[in-house]
Amino acid sequence: MIVLGIESSCDETAAAIVNDKKEILGECVLTQIEHKTYGGVVPEIAARSHLEHIEDILEETFKKANIAPSEIDAIAAAAGPGLIGGVVVGVMAAKSLALALNKPFIAINHLEGHALAARLTSNVQYPYLLLLVSGGHCQILIVKDVGDFERLGTTIDDAAGEAFDKVAKMLGLGYPGGPMIEKMSEIGNENRFVLPRPLQHSGDCNLSFSGLKTAVRKIIESYSPDNNIEHAILNKQDIADICASFQKAATDCLVHKIQKAIAIFRHKYPNANDIVVSGGVAANTYLRNRLKQIAETEGLKFSAPPIRFCTDNGVMIAWAGVERALKGISDPLDFKPRPRWPLDTDAPKAAGAGGVKA
């Protein structure tokens with residue numbers, strides 16, 4: 001089984017070809033740098049860039065894989081959630097190829113791509129506990145099977161990655177903010193500033209980062225003579241200490257809720273032993289190490305995709321396509337891209353109707 005995957009839901013134009021032996025035959029990713037000027041992704045610019053580059057990305061992917069388009073068995077594309085203009089570009093490219101090659105089209109939930117990525121690179125078995133944490137999403141889920149998710153908790157406001165980006169912007173570190181905060185934290189004192197841990201006593205697995213972000217803003221404003229963040233005077237060590245304190249607080253929030261989720265997961269599935277972190281923020285080594293420690297303490301096996309597969313990429317979409325194709329799942333060519341697509345609300349179609357034969 002060989003599947004082409006296309007990813008265009010935000011600011012990466014990506015494609016990859018993966019087979020059911022877990023081999024990455026070819027991949028290509030173009031990260032849009034145009035957005036750094038604006039401190040965040042501009043949807044119209046992103047969509048236009050996807051349209052300009054998708055053909056070249058696909059051509060380069062097939063070239064790297066050294067196979068002809070006719071040799072693939074299915075075409076998968078991230079069909080949501082995401083910036084709808086970009087999603088449409090990827091989906092239309094996939095549908096066009098599917099029609100021209102007479103191959104099945106598979107619509108992939110972008111979040112499922114992140115959720116299943118660790119199964120490509122590690123021996124992760126269903127069911128497993130997942131922390132999916134990125135710039136736009138922050139959820140704790142039980143992954144029971146392809147398309148079968150149980151959500152235990154989610155953010156009630158900002159996603160963790162969004163909070164990282166906004167704090168970095170307040171400190172003038174640029175975009176994307178996560179890597180910059182992690183780098184600065186290496187020379188920072190994580191105990192210098194006292195920051196809140198929102199929802200620590202809520203009794204559930206939900207998360208909140210808006211108050212934490214506001215608390216950081218107030219600290220920065222205190223370094224201004226008129227409480228204006230634009231006039232704050234911070235030296236390099238101040239910035240590093242704020243970054244480290246924020247990174248620790250955000251990670252504490254995630255770890256605390258994961259511990260609650262582990263108890264629920266173990267009660268439901270006493271014989272399961274996998275815990276996974278995925279999504280863009282999963283590239284943060286501080287978070288990965290903290291979660292690994294928790295997993296070891298709880299007697300669970302910790303897994304995470306390689307850092308290069310944490311951010312958006314075609315490999316995760318292709319692999320999710322492989323998993324669906326092996327179950328005979330495909331989608332009609334009139335499938336509509338979705339700007340919003342909760343993971344825990346859609347079950348996959350029954351195998352058979354237009355499905356791929358393994």
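As the structure is a prediction and not an experimental result, all values here were calculated from the model.

A. Quick look at the state of the cysteines. Scanning the model with the defined rule gives 0 disulfides in all. The cysteine cysteine 138 is free of any disulfide, with cysteine 253 supplying the nearest cysteine sulfur at 9.6 Å. With no disulfide of its own, cysteine 243 lies closest to cysteine 253 among cysteine sulfurs, the gap being 16 Å. Look at cysteine 243 and you get buried, because its relative accessible area is 0%.

B. View of a nonpolar patch on the surface. A cluster of nonpolar side chains, contributed by Ile84, Val88 and Met92, occupies part of the molecular surface with about 230 Å² of accessible area. Looking at the secondary structure, you find isoleucine 84 in helix H2 (residues 84-101).

C. Looking closely at unusual backbone geometry. Across the junction of glycine 80 and proline 81, the peptide omega takes the value -10°, indicating a cis bond. Considering the arrangement of structural elements, one finds proline 81 in the loop between strand S4 (74-78) and H2. Between tyrosine 126 and proline 127 the backbone carries a cis peptide bond, its omega angle lying at -10°. Along the chain, proline 127 turns up in the loop between helix H3 (110-121) and strand S6 (128-133). Backbone geometry places lysine 22, a non-glycine residue, at a positive phi of 65°. Relative to the assigned elements, lysine 22 resides in the loop between strand S2 (12-19) and strand S3 (24-31). Since its relative accessible area comes to 38%, lysine 22 is described here as partly exposed.

D. Highlighting helix H9 (residues 314-326). Look at H9: 18 Å from first C-alpha to last across 13 residues, which is about the 18 Å you get at 1.5 Å a residue. Burial within H9 is extensive, with 12 of its 13 residues counted as buried. Taken together, the buried positions of H9 are occupied by Gly314, Val315, Met316, Ile317, Ala318, Trp319, Ala320, Gly321, Val322, Glu323, Arg324 and Ala325. At its buried positions, H9 is contacted by strand S1 (2-7), S2, S3, S4, strand S5 (105-108) and H3. Between a side-chain oxygen at the N-terminus of H9 and the backbone nitrogen of valine 315 the separation is 3.1 Å; the capping residue is asparagine 313. Count one or two residues on from H9 and you reach glycine 328, which has phi positive near 75°.

E. Main features of the sheet that holds strand S9 (residues 274-278). Read from one edge to the other, the open sheet built from 5 strands follows the order S8-S7-S6-S9-S10, with strand pairing classed as mixed. Every other strand in the sheet has two partners, leaving strand S8 (148-154) and strand S10 (301-303) as the edge strands with one partner each. On average, each strand axis in the sheet is tilted by 25° relative to the strand beside it, whichever way the strands run. The pairing of S6 with strand S7 (residues 138-145) spans 6 bridges and is antiparallel. Across the sheet, residue leucine 131 finds its bridge partner in S7, namely isoleucine 140. H3 contacts S6, S7, S8 and S9 of the sheet and is inclined by roughly 130° relative to S6. Sitting on the sheet, helix H8 (residues 285-298) touches S6, S9 and S10, and the angle it makes with S10 is about 160°.

F. Representation of the sheet that holds S4 in the model. If you walk across this open sheet you meet the 5 strands as S3-S2-S1-S4-S5, and the pairing is mixed. The outermost strands of the open sheet, each flanked by one partner alone, are S3 and S5. In this sheet, adjacent strand axes meet at a mean angle of 15° when their direction is disregarded. In this structure, S2 lies alongside S3, joined through 7 bridges in antiparallel fashion. The residue bridging alanine 15 from the neighbouring strand is cysteine 28, located in S3. In the packing of helix H1 (residues 43-65) onto the sheet, contacts are made with S1, S2 and S3, and the angle to S2 comes to roughly 25°. Together, S1, S2, S3, S4 and S5 form the strand contacts of H9, whose direction differs from that of S1 by roughly 135°.

Calculation notes
- Residues numbered from 1 in each chain as written.
- Predicted model: local features only at pLDDT ≥ 70, side-chain atom pairs only at ≥ 80, totals over all residues.
- Heavy atoms only, no water.
- Disulfide = S-S within 2.5 Å.
- Buried < 20%, exposed > 50% of the residue type's maximum accessible area, 1.4 Å probe, protein only.
- Patch = residues over 30% accessible without salt bridge, like charges linked within 9 Å, V, L, I, M, F, W, Y side chains within 5 Å.
- Areas by Shrake-Rupley, 256 points an atom, 1.4 Å probe, with all protein chains shown as cover.
- Salt bridge = Lys/Arg side-chain N within 4 Å of Asp/Glu carboxyl O.
- Helix = DSSP H or I, 4+ residues; strand = E, 2+ residues; numbered from the N terminus.
- Expected span 1.5 Å × (residues − 1).
- Contact = heavy atoms within 4.5 Å.
- Polar contact = N/O pair within 3.5 Å; in protein donor to acceptor, adjacent residues only side chain to side chain.
- Pairing = 2+ DSSP bridges.
- Axes fitted to C-alpha atoms, helices over the stretch in contact; angles between N-to-C directions.

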